[in-house]
Amino acid sequence: MPVTSRPLSAYEDESQDQQPKATTQIGRVLDNTAVRILAFAVGGIWWLSGARYTLEGWMQFINVFLQWFFATLPGDRNWQLPAITSPGVYILLVLVAGIIYSRVEVGQYREAVRGGVSALGVGTFILFIFANGSDWGSSYLGMTAPQPEDAWPVSQWLAATLPAAALWSLFTTYGPEVLLFGVAFRGVSFRWRKRKK
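What you are looking at is a predicted structure, and each value in this text was computed from that prediction instead of being measured. (Residues numbered from 1 in each chain as written. Predicted model: local features only at pLDDT ≥ 70, side-chain atom pairs only at ≥ 80, totals over all residues. Heavy atoms only, no water.)

A.B. asks: Just to check I follow, could you spell out the overall build of the protein chain for this structure?
C.D. replies: From N to C terminus, the protein chain includes 5 helices and 0 strands. Starting at the N terminus and ending at the C terminus, the protein chain contains elements arranged as α-α-α-α-α. When the 197 residues of the protein chain are sorted by exposure, 26% land in the buried category. Considering only residue pairs separated by 6 or more positions, the protein chain has 68% of its internal contacts joining residues 24 or more positions apart. On the protein chain, roughly 14,500 Å² of surface is accessible, and the fraction owed to carbon and sulfur atoms is 67%. (Helix = DSSP H or I, 4+ residues; strand = E, 2+ residues; numbered from the N terminus. Buried < 20%, exposed > 50% of the residue type's maximum accessible area, 1.4 Å probe, protein only. Contact = heavy atoms within 4.5 Å. Areas by Shrake-Rupley, 256 points an atom, 1.4 Å probe, with all protein chains shown as cover.)

A.B. asks: What am I meant to see in helix α3 (residues 121–144) here?
C.D. replies: What sets the pattern is the α-helix's 3.6 residues per turn: residues three or four places apart point alike. Between its first and last C-alpha, α3 extends 34 Å over 24 residues, near the 34 Å set by a 1.5 Å rise per residue. For α3, the complete set of buried residues consists of Ala131, Asn132, Ser134, Asp135, Ser138, Ser139, Gly142, Met143 and Thr144. (Expected span 1.5 Å × (residues − 1).)

A.B. asks: Would you mind going over the packing of aromatic side chains with me for this structure?
C.D. replies: Remark: the centre distance and the inter-plane angle together describe each pair of aromatic rings, the angle taken between the planes. Under the counting rule described, the total for this entry stands at 7 aromatic pairs. Geometrically, the ring pair formed by Trp46 and Trp168 is stacked, given 5.4 Å between the ring centres and 15° between the ring planes. Here the residue Trp46 occupies a position in helix α1 (residues 8–69), and Trp168 occupies one in helix α5 (residues 162–184), the gap between them amounting to 122 residues. The partly exposed category is assigned to Trp168, whose relative accessible area is 36%. Ring geometry for Phe65 versus Trp68: centroids 5.7 Å apart, planes at 45°, classification tilted. One end of the pair is Phe65 and the other is Trp68, both in helix α1 and 3 residues apart, which spans about a single turn. Through pairs of rings, three or more aromatic residues link up here, namely Phe65, Trp68, Phe69, Phe70 and Trp79. (Phe/Tyr/Trp six-rings, centres within 6.5 Å; stacked < 30°, edge-to-face > 60°.)

A.B. asks: Would you mind going over α5 with me for this structure?
C.D. replies: Between its first and last C-alpha, α5 extends 31 Å over 23 residues, near the 33 Å set by a 1.5 Å rise per residue. Considering bend angle alone, the principal kink of α5 is centred on Tyr174 and spans about 30°; proline Pro176 follows within four residues of it. Restricting attention to buried positions, one finds in α5 the residues Ala164, Ala165, Ser169, Thr172, Thr173, Gly175, Pro176, Glu177, Leu180, Val183 and Ala184. (Bend = angle between axes of the 7 residues up to and from the residue.)

A.B. asks: Help me understand the packing of helix α4 (residues 153–160) against α5 in this model?
C.D. replies: To characterise two packed helices, one gives the angle between the axes of the helices and the distance between these axes. Two elements in contact, α4 and α5, have axes separated by 5 Å at closest approach and are oriented at 105°. In terms of axis orientation, α4 runs roughly perpendicular to α5. Between α4 and α5, the residues in contact are Trp157, Leu158, Ala159 and Ala160 and Leu162, Ala164, Ala165 and Trp168, respectively. Partitioned by chemical class, the residues of the contact of α4 with α5 number 8 nonpolar, no polar and no charged. (Axes fitted to C-alpha atoms, helices over the stretch in contact; angles between N-to-C directions. Parallel < 35°, antiparallel > 145°, perpendicular 65-115°, else oblique. Nonpolar A, V, L, I, M, F, W, Y, C, P; charged D, E, K, R; others polar.)

A.B. asks: Which parts of the structure should I look at to understand the confidence of the model for the protein chain?
C.D. replies: Low pLDDT means the predicted atomic positions in that stretch should not be read closely. Per-residue confidence for the protein chain averages 79 on the pLDDT scale, and 71% of its residues sit at or above 70. Per-element averaging of pLDDT across the protein chain places α1 at the bottom with 76 and α4 at the top with 90. (pLDDT = per-residue confidence, 0-100.)

A.B. asks: Just checking my understanding: could you explain the environment of Ile84 for this structure?
C.D. replies: With respect to the secondary-structure elements, Ile84 resides in the loop between α1 and α2 (87–115). Its relative accessible area of 31% is what places Ile84 among the partly exposed residues. For Ile84, the contacting residues outside a window of four places in its chain are Met59, Val89, Tyr90 and Leu93.

A.B. asks: Just checking my understanding: could you explain the side chain of Thr172 for this structure?
C.D. replies: Examined against the element boundaries, Thr172 turns out to sit in helix α5. Residue Thr172 is classed as buried on the basis of its relative accessible area, which comes to 5%. If near-sequence neighbours (up to four positions away) are discounted, Thr172 is found in contact with Trp46, Gly50 and Met143.

A.B. asks: Which parts of the structure should I look at to understand a nonpolar patch on the surface?
C.D. replies: Residues Phe61, Ile62, Phe65, Trp68, Phe69, Leu81 and Leu141 make up a contiguous nonpolar surface patch of roughly 690 Å² in combined accessible area. It is α1 that contributes the most residues to the nonpolar patch, 5 residues altogether. (Patch = residues over 30% accessible without salt bridge, like charges linked within 9 Å, V, L, I, M, F, W, Y side chains within 5 Å. Salt bridge = Lys/Arg side-chain N within 4 Å of Asp/Glu carboxyl O.)

A.B. asks: Explain the environment of Val64 here, please?
C.D. replies: With respect to the secondary-structure elements, Val64 resides in helix α1. The exposed category is assigned to Val64, whose relative accessible area is 55%. Separated by 15 residues in sequence, Val64 and Trp79 place their C-alpha atoms 8.6 Å apart.

Structure, rendered in structure tokens:
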């Protein structure tokens, strides 16, 4: 039975090579977790603000529609939705608006990615266009609505600067979903390359 001998330094080199690999794997997990937490925090706050703009925009649109629809009736023509005074009801409506839009947009996007746009079908494609267009449009209406005097300066600036509001409403329509569903829930892949000595 032949016996092979290896220098002790060879075994030491193998053990030393395994330690950096384990450390690298731990570092990847920690970095991935940190990115997920950050994406969830930023995306969650951004998603809530976007859902708020969507709700405000729909309320603006419905008020304008009611004034047009009942314009020929005699008497008081100031038809508007009742003001929401309860914070709980307002938060609930914001969550409902945001969840509905996110569910429709993300679901249709996944179908389009799996089978292409042709897999959506005519009805689903029309719903996709309506959902994205109305989400963007309602966010824009919510941002450009008249702001109270004690509103944040950036909110007042967006309401007065229409091109900036149009651009930011576009980012707000898709940005939160990218952070939440693309990064926070799925994570990212880190690939570190060793530097050649």
